[in-house]
Amino acid sequence: MFSQLKKYFHRFKLYRRRADVHADLDALLGFASDQKELEDQLHWLVSLLRWIRYEGLLSDGFEHDAGHVAIARLRYVLMILDRNPEWKRDVAVILRSVIKNVSGLELYTETGLPHEVGVIGEFMDRMMMKILPSPPLDHELGYLFWELFPSAKDPIWIASIDHELFAKIINLFNFHVSPVESDWNRLDRDMEDALIYLGIQVRAIGLSPAIRHRMDRPNFRDSAFFGIVSVLEEFIEANQSGRPEVFFEKASRLRLMVWECRRELTQVDKHLDEFGVSVNLVFQMTRLRIYLQRIDSLVDILITDVPDARKVTSFLASLIEENHDLQSVGALLSQNINLLAQKVVERAAETGEHYITRTKEEYRSMVQAAAGGGFVTAFTVYVKAGILATGFSEFMIGVLASANYAISFVVIHLAGFTLGTKQPAMTGPALAEQMRDVETEEGMERLVDEIAHLIRSQVAAVGGNILLVVPTTMLMDSIVFLASGKHIMSEATALKSFTSVDIFGPAIIYAAFTGILLWGSSLFAGWGDNWFALNSLRTTLARSPTLMTIFGKVGSRRIAMFFEKNISGLLGNISLGVLLGLTPEIMKFLGIPLDVRHVTLSSGGMGAAIPVLGVDFLKTWLFWRAVIGVLIIGFFNVSVSFAMAFLVAIKARGVTPPTRRAIRKAVFRRVLHHPLSFLLPVGKTVPESSSDGHSH
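Figured I'd write up the structure that's included with this text.

Procedures and definitions
- Residues numbered from 1 in each chain as written.
- Predicted model: local features only at pLDDT ≥ 70, side-chain atom pairs only at ≥ 80, totals over all residues.
- Heavy atoms only, no water.
- Helix = DSSP H or I, 4+ residues; strand = E, 2+ residues; numbered from the N terminus.
- Buried < 20%, exposed > 50% of the residue type's maximum accessible area, 1.4 Å probe, protein only.
- Areas by Shrake-Rupley, 256 points an atom, 1.4 Å probe, with all protein chains shown as cover.
- Axes fitted to C-alpha atoms, helices over the stretch in contact; angles between N-to-C directions.
- Parallel < 35°, antiparallel > 145°, perpendicular 65-115°, else oblique.
- Left-handed = near helix turned anticlockwise from the far one by under 90°.
- Nonpolar A, V, L, I, M, F, W, Y, C, P; charged D, E, K, R; others polar.
- Salt bridge = Lys/Arg side-chain N within 4 Å of Asp/Glu carboxyl O.
- Expected span 1.5 Å × (residues − 1).
- Arc of directions from axis to C-beta.
- Core = buried A, V, L, I, M, F, W, Y, C linked by side-chain atoms within 4.5 Å.
- Contact = heavy atoms within 4.5 Å.
- Patch = residues over 30% accessible without salt bridge, like charges linked within 9 Å, V, L, I, M, F, W, Y side chains within 5 Å.
- Lys, Arg positive; Asp, Glu negative; His and termini not counted.
- Charge placed at Lys NZ, Arg CZ, Asp CG, Glu CD.
- Phe/Tyr/Trp six-rings, centres within 6.5 Å; stacked < 30°, edge-to-face > 60°.
- Lys NZ or Arg CZ within 6 Å of the ring centre and 35° of its normal.
- Polar contact = N/O pair within 3.5 Å; in protein donor to acceptor, adjacent residues only side chain to side chain.

## A word on the overall build of the chain
Working step 1: Regarding its fold elements, the chain presents 29 helices and 0 strands.
Working step 2: The buried share of the chain, reckoned over its 696 residues, is 48%.
Working step 3: When the accessible surface of the chain is totalled, it reaches about 34,900 Å², and 62% of it is carbon and sulfur.

Here it is in structure tokens:
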């Protein structure tokens, strides 16, 4: 059995290396006359292209990326055929047979274009292409095209074909055409059919509700997407009429219509902020742009009487490149997630602006709001201690802890308080918004000022949280002890509050992991804002018959405005509560030793534990290790969540690596010259007050 498996594996390796096999050109050309069936002719053509692409000893001294090897081999093939008219006739017969019998319509409308109407369907289609066995060569022209040009270098050498070489290829196709083959060239006719097909697709997508509602046209009949099919039909009729003046007039009108479609698509981009964006919408917009570009390319080829080498080779090169992209699942996700990520980042940036203080007055307000957040968190700490004392299963403890955190964070949000560690994930996108003018010295200076404001704001927020959560937990325990003679926490739980944040334990790793969860909650916040706009929930809630019956028109409008203003904060805080509460239990179930460490909650736990362990505990080395541990936990909570949000934001914004390096150098210079400005509102860039201060 093993010998049989070995033989199968050897055959598979030979099959995988078939593209590297250096066939004998004389034998290949000599066998051209034996290829009578279409499938045999297609396989022969694939073998010929494989020989042309082969990089053997001839590649020495050539630049591979420039396609010189393939061009040299193609010239050599044409030279051999010129010296052997019989071989040339046999090869020409095969080429004409392929053109005649394999539909060019699929070449123009399928190759390199998305096949499905939705991103999920397209994703599954591409996955199936990778998993399922390859179909026969004549089954689908897109697969034949892939077999003819399977290399990522193919577009390079195809685009390198000059006018002289292109003329020789055209001459080969037209060499000794027999009366039986007189109607072999159906490429122009297929191009016309493809234009009509693509026009219908463009009209269907462009007039779909998701696109149409985001355009400024009151009547869909006024849209260029509606009129493009009729203009295409007029263009084709003019092409068949043989009247050049009418044909070029219709061609100009068609190109104007394509331009108008692109302009309306730009309007859709501008309306995404108001109406929201979805992956499927981005996919449909991508399809529209690809289809419009394909129409433009086909028209460009049709309007020339004699095939133009530059136009045809450029079109074929782009066709091959698009066909390669069509096979890539990564390219699909990248093309359709980027815009969605950008819009989510923009919405997170709008929220993040409220967490940046720029004046002394705003700094004081931030400390006060953070102190309020610390006060609420003190109650959260004791509720968590009560949940742990119930003896429930770990999953139920996780569920109850999630509810406890979520309610606490929502109360902090609605009360206008601040949870310090939630800021960085929001302020990262806001900072990325400031990177538009960093090429100038003034723009870079403003950005560094903004970074200083941002870090200072986070120091104020985390400091304000700790400033009140510790004394509040100590005071609450003291009141309970005076009333009942017992502490709220047991001594074992109190001791665990310190050991869990010990600098010598895994607390730093847990803190970094918590930073990732904090960043994840910011994505939920941005997504929620986008989802609210995408589904037009403000209008839906304001006009809801149920809400108007119960609360009246004014009440329903207030509810709609409340959710529009707070949906991002509500979803962000609820998701953060669920992530902090349930993630540790899920990790335990999976056998992954990961927990969460949140600086405000950990500080509150330490504050609650101090009355239980007594004043003498403050003199121990464990206490001071825990204090240092909490400070480092705060640093990693803030830095990791900010770094994740910032990296995603600058990627969505397209900030280049050289620009990032320049920003790092500018920040480092500021740290050397004005280090205190990153901690306190001091320096010439900090005004005393602001008439339009930010709310927190």
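## As for the packing of helix H20 (residues 394-414) against helix H26 (residues 545-590)
Working step 1: At a minimum axis separation of 8 Å, H20 and H26 run at an interaxial angle of 155°. As far as their axial angle goes, H26 and H20 are roughly antiparallel. The crossing of H20 and H26 is right-handed.
Working step 2: Each residue belonging to the contact of H20 with H26 can be placed in one class, and the counts come to 15 nonpolar, 8 polar and 3 charged.

## Considerations on the pattern of salt bridges
Working step 1: This model, assessed by the stated rule, comprises 21 salt bridges.
Working step 2: Glu164 is the partner of Lys168 in a salt bridge, and the nearest nitrogen-oxygen pair spans 4.0 Å. Taken together, the positions of Lys168 and Glu164, both in helix H10 (residues 163-173) and 4 residues apart, correspond to about one turn of that helix.
Working step 3: Note that Glu245 is salt-bridged to Arg243, the shortest N-O span being 3.7 Å.
Working step 4: On the basis of relative accessibility, which here comes to 47%, the residue Arg243 falls in the partly exposed class.

## Observations concerning helix H29 (residues 657-673)
Working step 1: Counted at 1.5 Å a residue, the expected span for H29 with its 17 residues is 24 Å, and the 25 Å between its end C-alpha atoms agrees.
Working step 2: Within H29, the full set of buried residues consists of Thr659, Ile663, Ala666, Val667 and Arg670. All buried residues of H29 lie within an arc of 100° about the axis, which places them on one face of the element. More than 90 degrees from the buried face of H29, the exposed residues found are Arg664, Lys665, Phe668 and Leu672.

## Regarding the nonpolar core
Working step 1: If you look at the biggest cluster of nonpolar residues, it comprises 83 residues, and the most contacted ones within it are Trp44, Trp157, Ile161, Leu195, Ile228, Phe235 and Ile295.
Working step 2: Here the element with the most residues in this core is helix H16 (residues 279-302); it accounts for 10 residues.
Working step 3: By size, the runner-up hydrophobic cluster in this structure holds 42 residues, among which are Leu517, Leu580, Met606 and Ala609.

## Looking at the side chain of Thr583
Working step 1: Of note, Thr583 is situated in helix H26.
Working step 2: Once residues lying within four places of it in the same chain are set aside, the contact partners of Thr583 are Phe513, Leu517 and Val578.

## Some points on the packing of helix H11 (residues 187-206) against helix H13 (residues 224-241)
Working step 1: Put simply, H11 and H13 touch, their axes get as near as 8 Å, and they point 170° apart. One finds that H11 runs roughly antiparallel with respect to H13. On the side of H11, the interface is formed by Glu192, Leu195, Ile196, Gly199, Ile200, Val202, Arg203 and Gly206, while H13 contributes Phe225, Phe226, Ile228, Val229, Leu232, Glu233, Phe235, Ile236, Asn239 and Gln240.
Working step 2: Here the residues of the contact of H11 with H13 sort into 11 nonpolar, 4 polar and 3 charged.

## Topic: unusual backbone geometry
Working step 1: A positive phi angle is found at His176, which is not glycine, with a value near 50°.
Working step 2: Assignment of secondary structure puts His176 in the loop between H10 and H11.

## A few points about a positive patch on the surface
Working step 1: A surface patch of positive charge is lined by Arg660, Arg661, Arg664, Lys665 and Arg669.
Working step 2: With respect to the helices and strands, the residue Arg660 is situated in helix H29.
Working step 3: Taking relative accessible area as the criterion, Arg660 reaches 30% and is therefore assigned partly exposed.

## Describing a nonpolar patch on the surface
Working step 1: Nonpolar side chains collect at one region of the surface, where Ile455, Val459, Leu676, Leu679, Leu680 and Val682 lie side by side and expose about 430 Å² of accessible area between them.
Working step 2: Mapped onto the secondary structure, Val459 falls in helix H22 (residues 441-484).
Working step 3: For Val459, a relative accessible area of 35% gives the class partly exposed.

## A closer look at the environment of Gly569
Working step 1: Following the sequence through the fold, Gly569 ends up in helix H26.
Working step 2: Sequence spacing of Gly569 and Leu414 is 155 residues, and the spatial spacing of their C-alpha atoms is 8.8 Å.

## Observations regarding the packing of aromatic side chains
Describing an aromatic ring pair means giving the distance of the ring centres and the angle of the ring planes.
Working step 1: The full count for this structure, using the stated rule, is 15 aromatic pairs.
Working step 2: Ring geometry for Phe498 versus Phe617: centroids 4.7 Å apart, planes at 65°, classification edge-to-face. Remark: Phe617 occurs in the loop between helix H27 (599-613) and helix H28 (621-653) and Phe498 occurs in helix H23 (residues 491-499); sequence separation between them is 119 residues. Take Phe498 and Phe617: they sit in the same class, and that class is buried.
Working step 3: Three or more aromatic residues joined by ring pairs form one cluster here, namely Phe498, Phe617, Phe623 and Trp624.
Working step 4: For Arg203, the ring lying beneath its charged end belongs to Phe226, and the centroid distance is 5.5 Å.

## Looking at the side chain of Thr472
Working step 1: On the secondary structure map, Thr472 appears in helix H22.
Working step 2: At 2.6 Å, the side chain of Thr472 forms a polar contact with the backbone oxygen of Leu468.
Working step 3: Those residues within four positions of Thr472 in sequence are excluded, and the remaining contacts are Phe375 and Ala378.

## Describing the environment of Leu38
Working step 1: Take Leu38: it is sitting in helix H3 (residues 38-53).
Working step 2: The exposure class assigned to Leu38 is partly exposed, which follows from its relative accessible area of 22%.
Working step 3: Taking C-alpha positions, Leu38 is 8.5 Å from Ile94, a pair spaced 56 residues apart along the chain.

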